[in-house]
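# Fold and geometry: a report
Each chain, written out:
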Amino acid sequence: MAPPMSAATFLDRLRDEGVTVVEVGDWTHHNRNHKGPWGPVHGVMIHHTVTQGSERTVELCREGYAELPGPLCHGVITKDGCVHLVGYGRANHAGLGDDDVLRAVIAEKLLPPDNEANTDGNRHFYGFECENLGDGEDPWPPAQLDAIEKVAAALCRHHGWTERSVIGHLEWQPGKIDPRGFSMQWLRERVRDRLK
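Residues numbered from 1 in each chain as written. Predicted model: local features only at pLDDT ≥ 70, side-chain atom pairs only at ≥ 80, totals over all residues. Heavy atoms only, no water.

What follows deals with the sheet that holds strand E6 (residues 82-85). Working definition: the strands of a sheet are paired by backbone hydrogen bonds and lie parallel or antiparallel to each other. Here six strands make up an open sheet; going across it, the order is E1-E6-E5-E9-E2-E10 and the pairing mixed. Edge strands, defined here as strands with exactly one partner in the open sheet, are strand E1 (20-23) and strand E10 (166-168). Looking at each pair of strands side by side, their axes are set apart by 30° on average, direction ignored. When strand E5 (residues 75-77) meets E6, the two strands line up antiparallel, connected through three bridges. Across the sheet, the residue bridging to Ile77 is Val83, located in E6. Seen against the sheet, helix H4 (residues 142-159) touches strand E2 (43-48), E5, E6, strand E9 (125-130) and E10 and runs at an angle of roughly 175° to E9. (Pairing = 2+ DSSP bridges. Helix = DSSP H or I, 4+ residues; strand = E, 2+ residues; numbered from the N terminus. Axes fitted to C-alpha atoms, helices over the stretch in contact; angles between N-to-C directions. Contact = heavy atoms within 4.5 Å.)

Here we take up the packing of helix H1 (residues 7-16) against H4. Where H1 meets H4, the closest approach of the two axes is 9 Å, and the angle between their N-to-C directions is 120°. As far as their axial angle goes, H4 and H1 are oblique. Seen from above, H1 lies across H4 with right-handed handedness. Two secondary-structure elements touch here, H1 through Thr9, Phe10, Arg13 and Leu14 and H4 through Val151, Ala154, Leu155 and His158. (Parallel < 35°, antiparallel > 145°, perpendicular 65-115°, else oblique. Left-handed = near helix turned anticlockwise from the far one by under 90°.)

As a further point, take the environment of Val24. Along the chain, Val24 falls in the loop between E1 and E2. On a C-alpha basis, the gap between Val24 and His84 in space is 6.4 Å, while along the polypeptide they are 60 residues apart.

This brings us to the nonpolar core. Phe10, Ile46, Tyr126, Phe128 and Ile148 are the most contacted members of the largest nonpolar core, which totals 36 residues. At the level of secondary structure, the elements contributing two or more residues to this core comprise H1, E2, E6, E9, H4 and helix H6 (184-195). Among the elements that take part in this core, H4 stands out by supplying nine residues, more than any other. The contact partners of Phe10, leaving out residues within four places of it in the chain, are Met5, Trp27, His74, Leu85, Tyr88, Tyr126, Phe128 and Leu155. Ranked by size, the runner-up nonpolar core spans eight residues in total, among them Ala94, Val101, Leu102 and Ile167. (Core = buried A, V, L, I, M, F, W, Y, C linked by side-chain atoms within 4.5 Å. Buried < 20%, exposed > 50% of the residue type's maximum accessible area, 1.4 Å probe, protein only.)

Side chains that carry opposite charge are capable of pairing whenever their charged atoms lie near each other. In this structure the tally under the stated criterion is 15 salt bridges. Put simply, Glu17 and Arg194 hold a salt bridge, and the shortest N to O gap is 2.9 Å. Residue Glu17 is located in the loop between H1 and E1, and its partner Arg194 is located in helix H6; the two are separated by 177 residues in the primary sequence. When its relative accessible area of 11% is taken as the criterion, Glu17 is described as buried. (Salt bridge = Lys/Arg side-chain N within 4 Å of Asp/Glu carboxyl O.)

The subject of this paragraph is H6. Three- or four-residue spacings in an α-helix give side chains the same orientation, since the helix completes a turn every 3.6 residues. The first and last C-alpha atoms of H6 sit 16 Å apart over twelve residues, in line with the 16 Å expected at 1.5 Å per residue. Those residues of H6 lying buried are Met184, Leu187, Arg188 and Val191. The buried side chains of H6 occupy one side of the element, clustering within an arc of 100° when seen end-on. Those residues of H6 that are buried are in contact with E2, H4, E10 and helix H5 (169-172). (Expected span 1.5 Å × (residues − 1). Arc of directions from axis to C-beta.)

Here it is as structure tokens:
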């Protein structure tokens, strides 16, 4: 079991890994902790936003919308490779997912198919939204993919996790397709190589 690192340590770890960070407002205190606990944390979850335009994307992920209040993640990874920190603590990003998947992440084993939604993922995962339409055609620039890799590796390095602690939303919650446009196996291989 791993307690979430402090916001200051989180920021330091990202910068240590070479991530370009933009701090958005009072991100260190913007969270949904009043809705339930955050932690222990077991992994990093990657999403795509289904949006265009960095400014609009960051604002949406920070504020949320009527049906789903923000923050919708901890960091927004824009196409230019910048990571915009919008919240820290419990965030509305993972939703309910499969407890078998969570057990596999904790054990750092091959993920089983996600076939139920019975476990609170917002409590257990760091979440990053990546600016992309998610249509399979919107490109993923190299700078953005590099930032996704660095973010995931930074958190794994801090907690002593392997690349198996990095999952996509599509591996957690039935019916989800994000991130679309690259495979999570490909990303995990990049994170594994970076952690060597």
